[in-house]
Amino acid sequence: DTAVSQTPKYLVTQMGNDKSIKCEQNLGHDTMYWYKQDSKKFLKIMFSYNNKELIINETVPNRFSPKSPDKAHLNLHINSLELGDSAVYFCASSRHTGEQYFGPGTRLTVT
Amino acid sequence: QQPVQSPQAVILREGEDAVINCSSSKALYSVHWYRQKHGEAPVFLMILLKGGEQKGHEKISASFNEKKQQSSLYLTASQLSYSGTYFCGTEDAGGTSYGKLTFGQGTILTVHP
C-alpha cells in the first residue's frame, strides 16, 4: 500500500564512493522529484521528471545523475561522494503540478 | 529566492490557535503547505491556487493573497498531533515552473498538554 517508497532508508559510506538511491511510486503520477534536506531542515529541489523527461535540473553538481526508466521510478546516482552530500534525500511524486507526496527519505551519511 | 516564514517557532497549549505566515518576493502561481514530524517525510496539507483563495481542512485552514504574494496557515484549537515543522512551498507565476516548489525555512510548532 506504500504510495512512494525509497531504498535504502539509511546509507553510510566513505568519501569518494559511488552510491544509488531508488524511488518508486504506485500512485499513477506523471511527475517525480528529488529533494535534498540538509541538517538545518532546508528542503531544496534537485531534479524533476515528467513522463520520464527531465524538466527541472537545479544547480546540482554533475556528480548527481537522476534516471527515470519509467513513469513510476526515479533513481538518483551519486558519484565521488563528498562530506557535504550528507543529508536526507526525499523522492516525491505528483499528478502534474498538484500536491506532492513524499517518500520516507534516505538518510545519507558520508564519512 | 526562498519564501520567508514567520514566526520561526511557536509554542502552544492544547486548544490554542496559531498563525504561520509565508511571504514571497516573487509573483506566485500557487502556495503549498506541508507538515513534517521529526524523522518523517513532509506530508501535504493543502494547496492554494488563486488570489484571495481560502481553504480549510478540519481545524486547519489557509489563505492566499496573490497581490501581496503572501499566504497564511491558520491552526485553530490545536491538538498534540499538530506538533511538527510547517513548510510553505511556493510555485512561481509565469507558467514555466513545471511544479517546481521553493520551500520556506520552516516554522517549528510545539503543542503542549
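The model shown is predicted, which means the values in this text are computed figures rather than measured ones.

Trainee: Give me the overall build of chain B: which residues, what numbers.
Mentor: In terms of regular secondary structure, chain B is built from zero helices and eleven strands. Shown N-terminal to C-terminal, the secondary structure of chain B runs as helices and strands in the order β-β-β-β-β-β-β-β-β-β-β. Scaling as 2.2 N^0.38, a compact globule of 113 residues should have a C-alpha radius of gyration of about 13 Å, and chain B matches this with 13 Å. In chain B, which comprises 113 residues, the proportion classed as buried is 45%. A separation threshold of at least 6 residues defines the contact pool for chain B, and within that pool the share at least 24 residues apart is 56%.

Trainee: Could you give me a rundown of the packing of aromatic side chains, with the residues and numbers involved?
Mentor: Throughout the structure, instances matching the rule amount to nine aromatic pairs over all chains. Ring geometry for Tyr35 of chain A versus Phe103 of chain B: centroids 5.7 Å apart, planes at 75°, classification edge-to-face. Residue Tyr35 of chain A is found in strand 4 (residues 31-37), and its partner Phe103 of chain B is found in strand 10 (residues 102-103); the two belong to separate chains. Each of the two residues, Tyr35 of chain A as well as Phe103 of chain B, counts as buried. Each ring, one from Phe102 of chain A and one from Tyr34 of chain B, has its centre 5.6 Å from the other, and the planes form 80°; the classification is edge-to-face. Of the two residues, Phe102 of chain A sits in strand 10 (residues 101-102) while Tyr34 of chain B sits in strand 4 (residues 28-36), which places them in two different chains. One exposure class covers both Phe102 of chain A and Tyr34 of chain B, and it is buried. Through a chain of ring-to-ring contacts, the aromatic side chains of Tyr33, Tyr35, Phe90 and Phe102 of chain A together with Tyr34, Phe44, Phe87 and Phe103 of chain B assemble into a single cluster.

Trainee: Any chance you could break down the sheet that holds strand 1 (residues 4-7) of chain A for me, citing the residues and the numbers?
Mentor: All names here are of chain A. The strand order 1-3-8-7 describes an open sheet built from four strands, whose pairing is antiparallel. For this open sheet the edge positions go to strand 1 and strand 7 (64-70), each flanked by a neighbour on one side alone. Sheet twist, expressed as the mean angle between neighbouring strand axes with direction ignored, is 20°. In this structure, strand 3 (residues 19-25) lies alongside strand 8 (residues 73-78), joined through four bridges in antiparallel fashion. By the bridge assignment, Lys19 is partnered in strand 8 with Ile78.

The rules behind the values
The residue numbering used here restarts from 1 in each chain and proceeds along that chain's sequence as written. Chains and ligands are labelled by the order in which they are written, letters from A for the one and numbers from 1 for the other. Totals for whole chains, interfaces and linings use every residue, but because this is a predicted model, local features are given only for residues with pLDDT of at least 70 and side-chain atom pairs only at 80 or more, for both listing and counting. By convention in this description, side-chain values take in all heavy atoms of the structure and omit both hydrogens and water. For the purposes of this entry, the term helix denotes a DSSP run of H or I that reaches at least four residues, the term strand denotes a run of E that reaches at least two, and both are numbered from the N terminus. Radius of gyration here uses only the C-alpha atoms, and the compact-globule reference equals 2.2 Å multiplied by the residue count raised to the power 0.38. Note on classification: 1.4 Å probe, protein chains only; a residue is buried when its accessible area is under 20% of the maximum for its type, exposed when over 50%, partly exposed between these limits. Residue contacts follow a heavy-atom distance rule, with two residues in contact if any of their heavy atoms lie within 4.5 Å. Two aromatic rings, drawn from Phe, Tyr or Trp (for Trp, its six-membered ring), form a pair once their centres lie within 6.5 Å of each other, and the interplanar angle then sorts them: stacked below 30 degrees, edge-to-face above 60, tilted otherwise. By definition, two strands form a pair when at least two bridges between them are found by DSSP. Lines fitted to the C-alpha atoms define the axes, with helices restricted to the stretch that makes contact. Angles between their N-to-C directions range from 0 to 180 degrees.

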